[in-house]
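# Fold and geometry: a report
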Amino acid sequence: MDVLSIVIPAYNEERFIGTLLARIRNVDLTPLGLSKEVIVVDDHSADRTSEIVSGFAEARLHRMPANGGKGKAVRQGISMATGRYLIIQDADLEYEPADYIPMLRALLAGEGDVVYGSRYLGHGRHRNQSLAAYAGGRSLSVAGWLATGRYLTDTVTAYKLFHRADIAAIDLQTSGFELDHEITARILARGKTIVEVPIRYAPRSREEGKKIGARDWFTALRTFWRFRRG
């Protein structure tokens with residue numbers, strides 16, 4: 001049976017990580033001929049994140065020696081993964097793990113080399129999503145198109161599904177939220193096709209722990225341009 005590696009970068013997510021891992025546990029991939037490998041990379045949290053993860057026998061935990069950023073945590077998780085397929089999963093509850101299934105179906109059917117879960121296919125701004133966050137994400141789709149020649153409705157999505165060998169072959173370099181844009185630019189520069197599948201989305205506020213901000217938008221622009229040729 002092939003394995004889906006689920007890489008979860010986590011930083012101070014004690015409020016959400018237990019519920020997330022329980023939801024992942026409940027996703028049955030056996031009809032697709034797959035089992036799960038769950039890897040949580042705790043980016044040196046100051047709360048009970050690691051303690052909670054340790055209570056889930058099916059989850060492999062790696063605690064970073066110092067806080068290095070989401071991108072660095074994702075890179076660590078990718079290096080630990082052993083599955084044939086790999087998906088990146090945020091540690092909060094904005095995304096629904098049950099959406100792995102339509103994404104995997106698209107990948108297994110050969111619809112693309114990489115599958116992105118799009119929050120905006122057939123959907124506009126989500127309830128409780130700030131206008132700034134919505135406008136920022138949609139404008140980055142335009143920025144990504146200008147840099148790479150490929151328009152994606154949701155380049156900022158936290159749900160990206162790969163053949164593990166494809167993502168492991170890239171020497172990823174960025175350490176923050178901009179890793180999303182490095183991945184997109186470099187995957188496309190290698191001639192890989194990205195297909196989008198609609199997913200659910202429940203945005204959280206900054207008060208609930210949302211960490212991305214305006215500065216990250218400008219960093220994204222630079223990242224698209226830097227890696228547009230691979």
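Note: the structure precedes this text.
All values reported here derive from a predicted model rather than from experimental measurement. (Residues numbered from 1 in each chain as written. Predicted model: local features only at pLDDT ≥ 70, side-chain atom pairs only at ≥ 80, totals over all residues. Heavy atoms only, no water.)

### Describing the sheet that holds strand S1 (residues 2-10)
Strands in a sheet are paired, the pairing made by backbone hydrogen bonds, and the direction either parallel or antiparallel. Reading across the sheet, the seven strands line up as S3-S2-S1-S4-S6-S5-S7 and stay open at both edges, with mixed pairing between neighbours. The open sheet has two edge strands, strand S3 (59-63) and strand S7 (194-198), and neither has a second partner. Between one strand and the next, the sheet's axes are offset by a mean angle of 20 degrees, whatever the strand orientation. Where S1 meets strand S4 (residues 85-88), four bridges bridge the pair, whose relative direction is parallel. For Val7, the partnering residue across the bridge sits in S4 and is Ile88. (Pairing = 2+ DSSP bridges. Helix = DSSP H or I, 4+ residues; strand = E, 2+ residues; numbered from the N terminus. Axes fitted to C-alpha atoms, helices over the stretch in contact; angles between N-to-C directions.)

### Overview of helix H1 (residues 17-25)
Inspection of H1 places Ile17, Gly18, Leu20, Leu21 and Ile24 among the buried residues, and these make up the whole buried set. All buried residues of H1 lie within an arc of 160 degrees about the axis, which places them on one face of the element. Those residues of H1 that are buried are in contact with S1, strand S2 (34-42), helix H2 (49-54) and helix H4 (100-108). (Buried < 20%, exposed > 50% of the residue type's maximum accessible area, 1.4 Å probe, protein only. Arc of directions from axis to C-beta. Contact = heavy atoms within 4.5 Å.)

### Here we look at the packing of aromatic side chains
By the definition in use, this model includes three aromatic pairs. Between Tyr100 and Tyr159, the aromatic rings sit 5.7 Å apart at their centres with planes inclined by 55 degrees, giving tilted as the arrangement. Of this pair, Tyr100 sits in helix H4 while Tyr159 sits in the loop between helix H5 (131-148) and strand S6 (160-163), and the two are 59 residues apart along the sequence. Accessibility classification places Tyr100 together with Tyr159 in one group, the buried group. (Phe/Tyr/Trp six-rings, centres within 6.5 Å; stacked < 30°, edge-to-face > 60°.)

### A word on the nonpolar core
If you look at the biggest cluster of nonpolar residues, it comprises 34 residues, and the most contacted ones within it are Leu4, Ile8, Leu21, Tyr100 and Leu161. Elements that contribute at least two residues to this core include exactly S1, H1, S2, H2, S4, H4 and S7. With residues near it in sequence (within four places) discarded, Tyr100 still touches Leu4, Ile6, Ile24, Val27, Ile87, Gln89 and Tyr159. Of all hydrophobic cores here, the second largest spans 23 residues; its members include Val41, Ala73, Leu179 and Ile187. (Core = buried A, V, L, I, M, F, W, Y, C linked by side-chain atoms within 4.5 Å.)

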